[in-house]
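Spelled out from the first residue to the last, the chains are:
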Amino acid sequence: MALIGVPFLVAIAMSLVDSYRRRGKRPKPFPTRPPESVPVGEGQLTTFTYGNDLYEAMLEAIEGARSQILFETYIWKGDAMGERFKRALIDAADRGVDVYCTYDAFANLVVSPAFKRFPGHVKVLRYPVYGAGWRFFDIRRYGRDHRKILVVDDNVGFIGGYNVGSAYATEWRDTHVKITGPAVWDLKRAFADFWNLHRRRRIGSSERPLLLETASTWEPRVRVQRNVPRLLMFPIRAMYIEAINRASRNVWMTQAYFLPDQDFVDAVKNAALRGVDVRLLLPLKSNHIVADWVSRGYFSQMLDAGVRILRYRDAMVHAKTATVDGRWATVGTANIDRLSLQGNYEINLEVIDEGFARELEAIFEVDQSHCLELTSGEWEARDMHRKFTEMLLTPLRPLL
């Protein structure tokens, strides 16, 4: 009990102190790259690195919907931006569009209940705070819905790290992708599978099955990887490790929270030791101070192996992206931590295309210009109390 209890108490105290210190502080401006479209097969992939640009594109797609909208998000703030999305979805339903919405109830506990009320012709699935029921022993029923998806008709889809809220529009550095072409169908199937797996089956429930016709076309260069805890399917971790193990030139990763298992760390270290240019871009200070401190426990072994650690300053970088050898890339919702890779419902786009990989590398270089690089000497010279705190929080690694 002491082994687990003491780290938990320290983590709670750190979070409270950090929350108090953040009061009234506003992030500073940060460099971004304008939206860029890259042709991939029969469609296009457009990158967004600034929230306002993304939200305007998403709202434009919603306002132009003719038959169906599928919208899923982890956090949906009840602020001005959240209201814009809610109003746009209701307006679409008013003009006859089939509108389906899903959000995570736990992530939105602080959002006003009034905001979460929708008219009956908008179909809403509230993913419950506790979904195990009497199956409290079934670990497959505890994952959160951490996905962020928007699909409009059969024409366009959006996927990435952005939640919905006014702060994310201007204060957070995140990455999202707009998809056109056959790959949109994979996002539609991902949404429908989640809806049908978790909808309420009570008589009279508005959460009826979402049935889709199967598209006959495939885009082999664009794949949608889904973590599905209920089915014990977690391919995103394997996707990352396989790509890193195949790397011969470079591995550039941007992660909001980096709390991997040791096998993942070993893959990153081994790549650096065989001469691969491995760069890991993380927030200098994230919105979860405990995650920052636990993540630092991996820094020594990675720096010793030759991994470059870049810390993004003055704003929260929330992107979950990676590129390997200028050919492979991923953008999605999964963090490199146990909750995302072995616990939550997550979705990542995997793209094998040189043009798209070059675009993500260009975004990485813009972000790197706003970073402070951590050196081995600087890291080893840190204060003794910092080293002690990192050691004290080590038992929390398997839980985060």
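Residues numbered from 1 in each chain as written. Predicted model: local features only at pLDDT ≥ 70, side-chain atom pairs only at ≥ 80, totals over all residues. Heavy atoms only, no water.

A closer look at helix α5 (residues 184-198)
Because the α-helix completes a turn every 3.6 residues, residues three or four places apart line up on one side. Keep this limit in mind: Every helix listed is a DSSP run of H or I at least four residues long, and every strand listed is a run of E at least two residues long, numbered separately from the N terminus. Expected span of a helix, by definition, is 1.5 Å for each gap between consecutive residues, and there is one gap fewer than residues. Residue exposure (1.4 Å probe, protein chains only): buried if accessible area is under 20% of the type maximum, exposed if over 50%, otherwise partly exposed.
In a regular helix each residue adds 1.5 Å, so 15 residues correspond to 21 Å; α5 covers 22 Å between its end C-alpha atoms and thus fits that length. In terms of burial, α5 is a largely internal element, 11 of the 15 residues being buried. Residues of α5 that are buried: V184, W185, D186, L187, K188, A190, F191, A192, F194, W195 and H198.

A word on the sheet that holds strand β16 (residues 321-324)
The strands making up a sheet are joined through hydrogen bonds of the backbone, oriented either antiparallel or parallel. This is how it is decided: By definition, two strands form a pair when at least two bridges between them are found by DSSP. Each axis is a line fitted through C-alpha atoms, and for a helix only the stretch in contact is used; angles between axes span 0 to 180 degrees, taken between their N-to-C directions. Should any heavy atoms of two residues lie within 4.5 Å, those residues are counted as being in contact.
Taken together, the eight strands give an open sheet; going across it, the order is β10-β19-β17-β16-β11-β13-β14-β20, and neighbouring strands pair in mixed fashion. Here the strands that pair on one side only, and so sit at the sheet edges, are β10 (222-227) and β20 (371-374). Each adjacent strand pair in this sheet contributes to an overall mean axis angle of 15 degrees, direction not counted. Two strands pair when backbone bridges link them, and strand β11 (residues 250-254) and strand β13 (residues 277-283) are joined in this way by five bridges, in the parallel orientation. Bridge pairing in β13 links T254 to L281. Against the sheet, α5 contacts β10 and β19 (346-352), and its axis sits at roughly 15 degrees relative to β10. Of the strands in this sheet, β11, β13, β14 (308-312), β16, β17 (328-332), β19 and β20 are in contact with helix α11 (residues 354-368), which crosses β17 at around 65 degrees.

Brief notes about the sheet that holds strand β2 (residues 43-48)
Pairing is mixed in the open sheet, where eight strands are placed in the order β1-β2-β9-β7-β6-β3-β4-β5. Bordering the open sheet on either side are β1 (36-40) and β5 (122-127), each of which pairs with just one other strand. Each adjacent strand pair in this sheet contributes to an overall mean axis angle of 15 degrees, direction not counted. In the packing of helix α2 (residues 51-63) onto the sheet, contacts are made with β2, β3 (68-73), β6 (149-152), β7 (156-160) and β9 (176-180), and the angle to β7 comes to roughly 150 degrees. Strand contacts of α11: β1, β2 and β9, with the helix running at about 5 degrees to β2, the strand carrying the most contacts.

Focus on the side chain of N250
Put simply, the rule reads: Throughout this description, a polar contact denotes any pair of N or O atoms lying within 3.5 Å of each other; where both atoms belong to protein, one of them has to be capable of donating a hydrogen while the other can accept it, and for residues adjacent in sequence the pair is counted only when both atoms sit in side chains.
In this fold, N250 is placed in strand β11. Look at N250 and you get buried, because its relative accessible area is 3%. Engagement of the side chain of N250 in a polar contact is seen with the side chain of R249, the distance being 3.2 Å.

Describing the pattern of salt bridges
What counts, and what does not: For this analysis, a salt bridge means a side-chain nitrogen from Lys or Arg found within 4 Å of a carboxyl oxygen belonging to Asp or Glu.
Across all of its chains, the model carries 23 salt bridges by this definition. Here K188 ties to D154 by a salt bridge, and the two come within 2.6 Å at their closest N and O atoms. Pair noted here: K188 is in helix α5 and D154 is in the loop between β6 and β7, with a separation of 34 residues, a long-range link. A relative accessible area of 4% places K188 in the buried class. Overall, the relative accessible area of 39% leaves D154 in the partly exposed class. E361 is the partner of R249 in a salt bridge, and the nearest nitrogen-oxygen pair spans 3.1 Å.

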